[in-house]
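# Structural description and commentary
So the chains spell out like this:
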Amino acid sequence: MFTSFCTELIEEYWKTKKQDTPVKTPVKRNKPVKRKSEEAEDTPKRKVKEAREDSGDEDNWENEVKEVETVERTKDKLMIYLLWNNGKRSVHPSDEVNKKCPQKVISFYESHLSFKASS
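To keep things clear, this report deals only with the structure shown in the data block. Position numbers for residues count from 1 along each chain, tracking the sequence in the order it is written. Only residues with pLDDT of at least 70 get local features here, since the model is predicted, and only at 80 or more are side-chain atom pairs given and counted; chain-wide, interface and lining totals rely on the full set of residues. With hydrogens and water excluded, all non-hydrogen atoms of the structure serve as input to the side-chain values.

### Examining the nonpolar core
This is how it is decided: Working definition of a nonpolar core: buried Ala, Val, Leu, Ile, Met, Phe, Trp, Tyr and Cys residues. They are joined through side-chain atoms within 4.5 Å. Any residue under 20% of the maximum accessible area for its type is buried, any over 50% is exposed, and the rest in between are partly exposed; the area is computed with a 1.4 Å probe on protein chains only. In DSSP terms, a helix is any run of H or I states spanning at least four residues, a strand is any run of E spanning at least two, and both are numbered starting from the N terminus.
Trp61, Val65, Val68, Ile80, Leu82, Trp84, Val97, Cys101, Val105 and Phe108 form the largest nonpolar core, which has ten residues in total. At the level of secondary structure, the elements contributing two or more residues to this core comprise strand 1 (65–73), strand 2 (78–84) and helix 5 (102–111). Tallying contributions element by element places strand 2 first for this core, with three residues.

This is the structure:
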């Protein structure tokens, strides 16, 4: 409706200018449709696989994780934020990270320990 109104105005304008210029109707462009294969790339497991450089050993992340950045408590569990060797970051439940890269978790906790002096 709006497009036809604009087209009519443009035609009227060109008639007043006495030029026979063809009127181009605007092309309506749709948003690109996301394919299922593209949606699969956005899943958390896919992101983790990309972040880890896929060494083939999915049960051991020790050599692929640079460090544990922080630990955060949610409603029902701890979430661990990891920095990977390739610079990407990801978040995982603590039970998963404790199994796949326990030394990185231990190093994080050791570096954040503080002791009170005995009185």
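### Brief notes about the sheet that holds strand 3 (residues 89–93)
Counted only if it meets this: In this analysis, strands are considered paired if DSSP registers two or more bridges between them. Here the axes come from fitting lines to C-alpha atoms, over the contacting stretch only for helices, and the angles between their N-to-C directions go from 0 to 180 degrees.
Strand order in the open sheet formed by three strands is 1-2-3, with antiparallel pairing between adjacent strands. The open sheet terminates on both sides in strands that have one partner only, identified here as strand 1 and strand 3. If you compare each strand with its neighbour and ignore which way they point, the axes differ by 25° on average. The sheet contact formed by strand 2 and strand 3 spans five bridges and is antiparallel. Within strand 3, the position partnered with Met79 by the bridge is Pro93.

### Re the pattern of salt bridges
The test is simple: Salt-bridge detection follows one rule: a side-chain nitrogen of Lys or Arg within 4 Å of a carboxyl oxygen of Asp or Glu.
This model, assessed by the stated rule, comprises two salt bridges. We note a salt bridge from Lys100 to Glu96, for which the minimum N-O separation is 3.6 Å. Here the residue Lys100 and the residue Glu96 both occupy positions in helix 4 (residues 94–100), the gap between them amounting to four residues, near one helical turn. Taking relative accessible area as the criterion, Lys100 reaches 19% and is therefore assigned buried. Looking at Glu96, the relative accessible area reads 25%, which means it is partly exposed.

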